[in-house]
Amino acid sequence: MYDWEYGAVSFIDILGFSSIVGDDARKLNPKNLERINDGLNEVRQTSRDSNVEIILFSDSIVLSTRLENSSIVNMLEDSIAVQRSLITRGILTRGGIAFGKHYQDEKTLYSEALIKAYNIETKYAKF
């Protein structure tokens, strides 16, 4: 049985990701990857809600949580913290937040809310 429930998702896109990866690909040590991971780990360590998941794949950062008031507020605060942490490291982002059906485990992310948040980011977010 899958835990396919309503949730909240924050989708954050890393701007200029191709250039960031390309720059790292020409170097022995991936400094940009280190900056991104350091920024995300800083937020993971200070996050006040263990129900907020923060994952990175490709140029996408996804924060997700259950549809509960306190968890949603914490996810919003963590989304701001992610963007703040990355911008202080020279990494620009933009994003969107939405609600909808959501399933996530350690290997699978299947989410109506993610699609909605992605569409908000691509259609309406200004940079």
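Everything that follows concerns the structure shown earlier in this document.
Everything in this summary refers to the structure shown in the same document. Per-chain numbering applies: the sequence of each chain, read as written, is numbered from 1 onward. Local features in this predicted model are restricted to residues of pLDDT 70 or higher, and side-chain atom pairs are both shown and tallied only at a pLDDT of 80 or more, whereas totals for entire chains, interfaces and linings draw on every residue. To get the side-chain values, take all heavy atoms of the structure and skip hydrogens and water.

### Points about helix α2 (residues 31-46)
Put simply, the test is: The numbering of helices and of strands both runs from the N terminus, where a helix is a DSSP run of H or I of at least 4 residues and a strand a run of E of at least 2. Helices are assigned an expected span. That span is 1.5 Å times one less than the residue count. Burial classes: relative accessible area under 20% of the type maximum marks a residue as buried, over 50% as exposed, and values in between as partly exposed (1.4 Å probe, protein chains only). What the arc measures is the spread of directions leading from the helix axis to the C-beta atoms. The contact criterion used is simple: two residues touch if any of their non-hydrogen atoms lie within 4.5 Å.
Taking 1.5 Å per residue, 16 residues should reach 22 Å; α2 reaches 23 Å between its end C-alpha atoms and fits that length. Of the residues making up α2, those classed as buried are Asn32, Ile36, Gly39, Leu40 and Val43. Summarising the axial view, the buried residues of α2 lie within an arc of 90°, below the 170-degree limit, and thus occupy one face. In α2, those exposed residues whose orientation departs by more than 90 degrees from the buried face are Gln45 and Thr46. If you follow the buried residues of α2, they end up packed against β1 (5-14), α1 (17-25), β2 (53-57), β3 (60-66) and α3 (69-87).

### Here's the deal with the sheet that holds β3
Note the following rule: Here, any two strands with at least 2 DSSP bridges between them count as paired. The axes used here are C-alpha line fits, helices contributing only the stretch in contact, and every angle between their N-to-C directions lies in the interval 0 to 180 degrees.
Within the open sheet, the 5 strands sit side by side as β2-β3-β1-β4-β5. Their pairing is antiparallel. Only two strands of the sheet have a single neighbouring strand rather than two, namely β2 and β5 (109-111). Put simply, the sheet's adjacent strands are angled 40° from each other on average, direction ignored. Across 10 bridges, the pairing between β1 and strand β4 (residues 93-104) is antiparallel. Across the sheet, serine 10 pairs through a bridge with isoleucine 97, a residue of β4. Seen against the sheet, α2 touches β1, β2 and β3 and runs at an angle of roughly 170° to β2. Relative to β3, α3 is tilted by about 160°, and along the sheet it contacts β1, β3 and β4.

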